[in-house]
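Listed here are the chains, written in short residue letters.
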Amino acid sequence: MALDVGKFIKAPEYDIKIITHRDVFQASACEEDRFGDECQEMSALIVLDAAEMKRMGIQDRANVRLTSNWGSVVVRARASPREEQKGMGFMVNSPWVNTLVSDETTDGIPAFKDIEAKITISKNGITGIQELLLL
Amino acid sequence: MEMTEPITWTCTGCALLCEDIQVHIKDNKVEKVEHACLKGKARVYGCKHTAISTVDQAEVDINSAISQAAEILEKAKNPLLYGWSNSTSEAQVAGIELAQTLGACIDSTSSFCQGITINEIMNGSIPSCTLEEVREKADVVIYWGADPMSSHPRHLSKYSYFPRGELRQRGYEEDRTAICIDVTQSRTAKICKAMFFSIPPGGDAEFMRALMDGLAGRVPKLSYDFDVKRILELAAVLKKAEFGVIFAGLGLVYSIKEEFDLILEFMSTLNRFSNFSLIPMAGHFNMRGFNHNLHEKTGFIHRVRFTKNGPVSGVEYSVVEQLKHGADAVLVVGSDPLASLPLSIARRLKDIPLILVDPCANLTTRVADVTIPCGASGIEVGGTAVRLDGKKMDISPIVQGDGLSDEMVVRRIMEEVS
Amino acid sequence: MAFAVALLSRTKQYTECPPLMEEDKYQDSRQKLKNILKPMEGAEETGLIIHEELCSGCGNCVVACPVNVANDPHGSGRGFGPTNEKVIFRVENGIVKAANIKECRRFGKDRILCRACIDPCPTEAIEFV
Ligand code: SF4
Ligand code: SF4
Ligand code: SF4
C-alpha cells in the first residue's frame, strides 16, 4: 500500500492565550440578527499580532483552527493594526470563543478571559452557527 | 414626509440606561431614533427573528406552552431559574417569587460577571458614587480592565470624560484626566493616549500592589517589565485627584477574583491619600436590578436556593455549578446561555428540560423544550431598572406589543404551579 | 490652472470639465484624477468626511465639538443629545450626522486647526481632507 506522506505532515501548531473583549459593532449586528452573516463575520474572528502571524506562517484573513481541551472551532485570523503582546489572540465575546472555555471553576466564574488554546492553519471553512449547536 | 413628535425614551441597550433618547414612532413602528448609539439603535429596532411559542420545537399556542412550562417546573426536584439581566425589575421580582414557590435555585448573569463587585458596594465595603456625580465632579477617571467605548458607547461622552460638569466647566482637556489600564490598546485606551498603561494578562494584582507602594512612597516592585517611573507618576496623579472614580471592568474582576479583597485594600489605601469611588461596568441593562431585588427579598445578591428553612446562598447554587451537576430543569428568562456560557457547561442544557422566555429567537431557543415569546423590555414593556451605578430608572414602553410581558409569563406559570 | 484650484477647493467637480468627460483619449487621465480625488468624495466644503461605517454613535464628537458646546451648552455641552438645530454634530439612527458646517472653527477668516472631533473619535470615523 502506498504511503500517503501528506497525511502525516500536519500544519504546525502554536500555543496561544486568548483574551475576550466586547465590540459595539458585533454586539449590534448580533442583536439585530443572531443568525446573520454579519454577526458571524464579526464573531468568528481572532486578531493577532502581525509579526507573530508571519512567524506562524498565517496569512491575514486565513482560516485557522483553534483547539483547547474543551472544544475546537475554525475562525478567520486577522492581523492587528498595532503591535500586540506576544502569544496572545483577541476574540470578541461570542459562542465561537465560548466553545473553547473550560468548564472547571471553583468560584462559579469560568475563565472567559484566559483561554489556553492551540492555533493552526485550517483548510476547513469557518464553523457556522448551526454547527456550533452540534458540537 | 410628515414629522412625528418624538417620544423621550430610556435606552435598554446597556446598563448606562441613557434617558435622553428621542424616538419617532409612526403607525406603532419606530421610524427614527436620535442620540442613541449603534447598540441602542439595534435595541430599539429589535431583532429580526422573533421567538414563537413552541413545545418540543413544534409551534403551539402560548397557553399550551405556558402549561407545559408549569408542568416541567412542578415535576422537577431541583429547578433553576436563570437569566434576568435583560428584564425589568418587576419581572425579576416575579421570578424571585416563582423561585420561592418552587423551592428553586435562582441566579443571574451577574453570577459570572460583576456580582462580586456589586456585592462589596452594596455592603458598603467599596465606596461608590452616581454617574451624575462623575459628570459634575470627577477630575480623574480610571478605566481598569474596561473598554466602555466598546461596551457602553456613550459612557465617556455622557458622563465620564467629555461633558462639562458643575466643577468641570473648562472641558475635558483641561479639567479631566482619563486613565486606562488594560492588556491591549482598546478604543478607550486610545482616547487616554499617554495615560494608557499596558499590563500583561493577569498582571492586575501586581500592578495594584505596585500602585499602593507608589502611593505610600515606597519603590514599586514588579515581576514583569514595567517602567517604575510611570507607576510613580500615576500614583502622583491619583493623589492629587479631587474626585476620582475607578470604572472596574471584567478584565479587572476576572483577573483578581481569587484575591478580591485586594480591591478593598487598594481602595482604602487610595482613600488615605485621595478621594476615590468605584463603579462596576455592569453590561446588561438591569443586571444590577436583579442583585438589588434579590437582596431585598433574601439578603443575598445572587446564587440563591429557596429551602424549607428559608433562602440560602453559595457557589453551589450558581448557574455554572447548577448546570454542571444539580439542576434537573431550567427556566431561562431574557438570556441566551448557549451563546454566552462556555459550551462545555451550556451543553448540558440539551439534556435537561429547558424552558426559554425571550422576545427573540436565539441559539438556546433552537434546543429549548418550551419557548414562550414575550414583549421586549423597554420597547413593548415598561417598568423600572437599576443603572450600573445603582440608580433606579423608569423605563416606559414605546410601542404597543401584542404579546405578554416577561413578568406576565412568569406570573402565569406561577398561577399554574401553585 | 484656475480649474484645478477650483477642483481642490471643491467649488468645482472634475465631472464639470467637459473635454475630460467626453473625449476617449482622456480616459486614463479621467481615471487617475478620479482616484486622486477619491478621498474627497462626500467631503463638505470644510473638507469634513464622516466614514459612517466606522461610526458607533458614541457621541464623543457631539459633546467635544466647541461649536456644539457653544450653541447648545445645556444639551451637547453637558453630554446629552443636542437640544436644538444649531449644532454641527448629532447622532441619528446610531450614526453621526453633520450640519451647519460653515460654523466649523476650521472655516472662515479666523479659522484654527481644531481637532476636537477627530481626536476623541475611537474609530477614526472623522477626517478632514
Ligand atoms: S450607551 Fe447604552 S444605554 Fe446609552 S444609547 Fe448606547 S446602548 Fe443605549
Ligand atoms: S473641527 Fe472643531 S469645530 Fe470643526 S467640526 Fe470638528 S470639533 Fe467642531
Ligand atoms: S466620535 Fe466618532 S464614532 Fe463617536 S459619534 Fe463621532 S464620529 Fe461616530
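Rules used in this analysis
- Residues numbered from 1 in each chain as written.
- Chains lettered and ligands numbered in written order.
- Predicted model: local features only at pLDDT ≥ 70, side-chain atom pairs only at ≥ 80, totals over all residues.
- Heavy atoms only, no water.
- Axes fitted to C-alpha atoms, helices over the stretch in contact; angles between N-to-C directions.
- Helix = DSSP H or I, 4+ residues; strand = E, 2+ residues; numbered from the N terminus.
- Parallel < 35°, antiparallel > 145°, perpendicular 65-115°, else oblique.
- Left-handed = near helix turned anticlockwise from the far one by under 90°.
- Contact = heavy atoms within 4.5 Å.
- Nonpolar A, V, L, I, M, F, W, Y, C, P; charged D, E, K, R; others polar.
- Pairing = 2+ DSSP bridges.
- Buried area = accessible area lost by both parts, 1.4 Å probe.
- Salt bridge = Lys/Arg side-chain N within 4 Å of Asp/Glu carboxyl O.
- Polar contact = N/O pair within 3.5 Å; in protein donor to acceptor, adjacent residues only side chain to side chain.
- Disulfide = S-S within 2.5 Å.
- Buried < 20%, exposed > 50% of the residue type's maximum accessible area, 1.4 Å probe, protein only.
- Near = heavy atom within 4 Å.
- Right-handed = clockwise from strand over helix to strand, strands pointing away.

A few points about the packing of helix α4 (residues 115-122) of chain B against helix α14 (residues 287-298) of chain B
Residues and elements named next belong to chain B.
Part 1: Two elements in contact, α4 and α14, have axes separated by 11 Å at closest approach and are oriented at 50°. Judged by the inter-axis angle, α4 sits oblique to α14. Seen from above, α4 lies across α14 with right-handed handedness. Contacts between α4 and α14 involve Ile 118, Ile 121 and Met 122 on the former and, on the latter, Arg 288, Asn 291, His 292 and His 295.
Part 2: Across the contact of α4 with α14, the residue classes break down as three nonpolar, three polar and one charged.

Examining the sheet that holds strand β15 (residues 329-333) of chain B
Residues and elements named next belong to chain B.
Part 1: Spatial strand order, β5-β4-β17-β16-β15-β6-β7-β13-β14: nine strands in an open sheet with mixed pairing. The open sheet terminates on both sides in strands that have one partner only, identified here as β5 (58-59) and β14 (310-313).
Part 2: Relative to strand β16 (residues 354-358), β15 runs parallel, the two being bridged by four bridges. Its bridge partner being in β16, Val 333 is matched across the sheet by Val 357.
Part 3: Contacting β6 (79-83), β7 (105-108), β13 (304-307) and β15, helix α3 (residues 89-102) crosses the sheet at an angle of about 170° to β6.

Section: the interface of chain C and chain B
Part 1: Contact with chain C, which involves 28 residues of that partner, is made by 30 residues of chain B.
Part 2: Roughly 2,200 Å² is buried in total at the junction of chain C and chain B, and carbon and sulfur atoms are behind 49% of that figure.
Part 3: Put simply, chain C and chain B have three salt bridges between them.
Part 4: Salt-bridge contacts for Lys190(B) lead to Glu124(C); the nearest nitrogen and oxygen are separated by 3.4 Å.
Part 5: Across the contact surface, chain C and chain B share 13 residue pairs in polar contact (both at pLDDT 80 or more).
Part 6: Among the secondary structure elements, those contributing two or more residues to the side of chain C that touches chain B are α4 (60-64) and β2 (89-92) of chain C.
Part 7: Tallied by class, the residues present in the side of chain C that touches chain B amount to 13 nonpolar, 10 polar and five charged.

Notes on the state of the cysteines
Part 1: Going through the model one piece at a time under the given rule, you end up with two disulfides over all chains.
Part 2: Across the disulfide from Cys30(A) sits Cys39(A); the S-S distance is 2.1 Å. A torsion of 95° about the S-S bond marks the disulfide between Cys30(A) and Cys39(A) as right-handed.
Part 3: Overall, Cys30(A) belongs to the buried group, its relative accessible area being 8%.
Part 4: Across the disulfide from Cys47(B) sits Cys360(B); the S-S distance is 2.0 Å. Taking the sign of the S-S torsion, -95° for the link of Cys47(B) and Cys360(B), the bridge is left-handed. Linking Cys47(B) in the loop between α1 (38-45) and β4 (54-55) with Cys360(B) in the loop between β16 and β17 (370-373), this pair joins segments that are 313 residues apart in sequence.

Some words on the sheet that holds strand β12 (residues 276-280) of chain B
Residues and elements named next belong to chain B.
Part 1: Pairing in this open sheet of five strands is parallel, and the strands run β10-β9-β8-β11-β12 from one edge to the other. The sheet is open, and its two edges are formed by β10 (196-198) and β12, each paired on a single side. Adjacent strand axes in the sheet meet at a mean angle of 15° when their direction is disregarded.
Part 2: Contacts from helix α10 (residues 204-215) reach β8 (140-144), β9 (177-182) and β10, with the element oriented near 155° to β8.
Part 3: Its contacts with the sheet put helix α13 (residues 261-273) on β8, β11 (244-248) and β12, and the angle it makes with β12 is roughly 150°.

Remarks on the site of ligand 1
Part 1: Around ligand 1, the neighbouring residues are Cys11(B), Gly13(B), Cys14(B), Leu16(B), Leu17(B), Cys18(B), Ala36(B), Cys37(B), Lys39(B), Gly40(B), Pro153(B) and Arg154(B).
Part 2: Class assignment for the residues of the shell around ligand 1 results in eight nonpolar, two polar and two charged.

Observations concerning the pairing of β6(B)
All names here are of chain B.
Part 1: Among the five residues that make up β6, five are buried, leaving the element largely enclosed by the rest of the structure.
Part 2: Going residue by residue along β6, you find Pro 79, Leu 81 and Gly 83 tucked away on one face and Leu 80 and Tyr 82 tucked away on the opposite face as well.
Part 3: Sheet topology note: the β6/β7 ladder contains four bridges and is parallel. Considered in β7, the bridge of Tyr 82 is made with Asp 107.
Part 4: Once you follow β6 into α3 and on to β7, the crossover reads as right-handed.

Overview of the environment of Ile126(A)
All names here are of chain A.
Part 1: As for its position among the elements, Ile 126 is in the loop between β6 (115-121) and α5 (129-134).
Part 2: Sequence spacing of Ile 126 and Ala 44 is 82 residues, and the spatial spacing of their C-alpha atoms is 7.3 Å.
Part 3: Not counting residues up to four positions away in its chain, the partners in contact with Ile 126 are Gln 40, Ala 44, Asn 63, Val 74, Val 75, Arg 76 and Glu 131.

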